[in-house]
Amino acid sequence: NAGVMQNPRHLVRRRGQEARLRCSPMKGHSHVYWYRQLPEEGLKFMVYLQKENIIDESGMPKERFSAEFPKEGPSILRIQQVVRGDSAAYFCASSPYMKNTGELFFGEGSRLTVL
Amino acid sequence: KNEVEQSPQNLTAQEGEFITINCSYSVGISALHWLQQHPGGGIVSLFMLSSGKKKHGRLIATINIQEKHSSLHITASHPRDSAVYICAVRMPGGSQGNLIFGKGTKLSVKP
């Protein structure tokens, strides 16, 4: 499967624990985007990364959330000290270097439940 | 800040019907995306457009920049078209992927 791979698909954490969500972009894609979909709400942009760089983090909550896209390996969205309000679906998308078609390729999402 | 409004929120159609989903936004944009989200949650990008019209199979997307309005049409609808359709816009100067999303239109096509 050459698509965008996210794991885990489902993650359960207790309040105060850490959640790590991984995203492997499509082969040849160097741009990764993370989005959050809260229950009964629309998608919201969180962060845009290229390899080893954060390009736009204007949608990231100021505390407890961080993202990285290392030179090797998947992009990781990290949520420290999770709270119930972090329960949501987190989607990753990737794109090639933009010339620009602008098309985004989405993963299946990771669903975080905080108990 | 751009407000993205979709209508209708919910739509039920009979198989074979022609379907139109609307999206309007309040401020000028550089691009507009139409996305499809199936039950179970995966998201597929259908179209990205900044002017005019695009067609792919039974799907047609149009945008009117002056009116700040876009429509997604589905011809000869089929039960497998049942999904949530989401409109999203990118602001001028905004980074790639920094989109503002509508709340979606839930489409159900009955056989």
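Everything discussed here concerns the structure shown above.
**Q** How should the pairing of strand S3 (residues 19-24) of chain A be read in this particular structure?
**A** Each regular strand carries side chains that alternate between the two faces of the sheet. All names here are of chain A. Burial along S3 is one-sided: Ala19, Leu21 and Cys23 are buried, while Arg20, Arg22 and Ser24, pointing the other way, are not. Examined bridge by bridge, strand S1 (residues 5-7) and S3 share 3 bridges and lie antiparallel to one another. Directly across from Met5, in S3, lies its bridge partner Ser24. Where S3 meets strand S8 (residues 75-79), 5 bridges bridge the pair, whose relative direction is antiparallel. Counted as the bridge partner of Ala19 is Ile79 from S8.

**Q** In this structure, what is going on with the interface of chain B and chain A? I would like to understand it.
**A** The extent of an interface is frequently quoted as the accessible surface area lost upon association of the parts. Contacts between chain B and chain A engage 18 residues on the former and 22 residues on the latter. Approximately 1500 Å² of surface area, both sides summed, lies buried where chain B meets chain A, with 56% of it carried by carbon and sulfur atoms. Three residues stand out in chain B for area buried against chain A, namely Ile43(B), Gln96(B) and Phe101(B), and they jointly supply 36% of the buried area on that side. At the boundary of chain B with chain A, the tally comes to 0 salt bridges. Run the count over chain B and chain A and you get 5 residue pairs in polar contact (both at pLDDT 80 or more). Looking at the side of chain B that touches chain A, the elements that each hand over two or more residues are strand S4 (31-37), strand S5 (43-49), strand S9 (83-90) and strand S10 (99-101) of chain B.

**Q** Whenever I open this one, the layout of surface pockets confuses me. Can you help?
**A** Any space left empty among the atoms is revealed by the rolling of a water-sized probe across them. There is about 1100 Å³ of room inside the largest pocket. When grouped by side-chain class, the residues that make up the lining of the largest pocket number 15 nonpolar, 15 polar and 9 charged.

**Q** Quick question: what am I supposed to make of the sheet that holds S8(A) here?
**A** The strands that make up a sheet pair up through hydrogen bonds in the backbone, lying either parallel or antiparallel. Residues and elements named next belong to chain A. Taken together, 4 strands build an open sheet; the order of strands is S1-S3-S8-S7 and the sheet is antiparallel. Among the strands making up the open sheet, the edge pair consists of S1 and strand S7 (65-68). The mean inter-strand angle of the sheet, taken between neighbouring strand axes irrespective of direction, is 15°.

**Q** What am I meant to see in the nonpolar core here?
**A** Inside soluble globular proteins, nonpolar side chains tend to come together where they are buried. Counting residues in each nonpolar core, the largest one holds 23 residues, and the members touching the most others are Leu32(B), Trp34(B), Phe47(B), Leu72(B) and Tyr85(B). Elements represented by at least two residues in this core include exactly strand S3 (19-25), S4, S5, strand S7 (59-64), strand S8 (69-74), S9 and strand S11 (105-110) of chain B. For Leu32(B), the contacting residues outside a window of four places in its chain are Cys23(B), Tyr25(B), Phe47(B), Met48(B), Leu49(B), Ile63(B), Ser70(B), Cys87(B), Ala88(B) and Val89(B). Within the second largest apolar cluster, 22 residues are counted, among which are Val32(A), Met60(A), Phe65(A) and Leu112(A).

**Q** Can you walk me through the sheet that holds S8(B) in this structure?
**A** All names here are of chain B. Reading across the sheet, the 5 strands line up as S1-S3-S8-S7-S6 and stay open at both edges, with antiparallel pairing between neighbours. Looking at the sheet topology across the chains shown, the edges are occupied by strand S1 (4-7) and strand S6 (52-56). Averaged over all pairs of adjacent strands, the angle between their axes in this sheet comes to 15°, without regard to strand direction. The pairing of S6 with S7 spans 5 bridges and is antiparallel.

Basis of the calculations
- The numbering scheme is per chain: residues are counted from 1 as the chain's sequence reads.
- Chains and ligands are labelled sequentially in the order written, the chains with letters from A and the ligands with numbers from 1.
- With the structure being a predicted model, the display of local features is reserved for residues of pLDDT at least 70 and the display and counting of side-chain atom pairs for 80 or more, all residues being used for whole-chain, interface and lining totals.
- Only hydrogens and water are set aside when side-chain values are computed; all heavy atoms of the structure are taken into account.
- For every residue, the accessible area (1.4 Å probe, protein chains only) is compared with the maximum for its type, and the residue is labelled buried under 20%, exposed over 50%, or partly exposed between those bounds.
- Helical segments are the DSSP runs of H or I of at least four residues, strand segments are the runs of E of at least two, and each set is numbered from the N terminus.
- Here the rule is simple: two strands pair whenever DSSP picks up at least two bridges between them.
- For this analysis, residues touch if any pair of their heavy atoms sits within 4.5 Å.
- Accessible area, probed at 1.4 Å, shrinks when two parts are joined; the buried area is that loss added up over both.
- Salt bridge, as used here, is a side-chain nitrogen of Lys or Arg placed within 4 Å of a carboxyl oxygen of Asp or Glu.
- For this analysis, a polar contact is any N or O atom pair within 3.5 Å, provided that within protein one partner can donate a hydrogen and the other can accept it, and provided that sequence-adjacent residues contribute only side-chain to side-chain pairs.
- Both site types are read off a 1 Å grid over the protein atoms alone. A 1.4 Å probe that fits but cannot get out defines a cavity, while an open set with protein on both sides within 12 Å along at least five of seven lines defines a pocket; lining residues have an atom within 4 Å of a point.
- Grid points are joined across faces, edges and corners, and a volume is the space filled by probe spheres set on the points.
- The nonpolar class holds Ala, Val, Leu, Ile, Met, Phe, Trp, Tyr, Cys and Pro. Asp, Glu, Lys and Arg form the charged class, and all remaining residues, Gly among them, are polar.
- For helices, the fitted axis covers only the stretch in contact; all axes are lines through C-alpha atoms, and the angles between them, taken along N-to-C directions, range from 0 to 180 degrees.
- By nonpolar core we mean a set of buried residues, namely Ala, Val, Leu, Ile, Met, Phe, Trp, Tyr and Cys, connected to one another through side-chain atoms within 4.5 Å.

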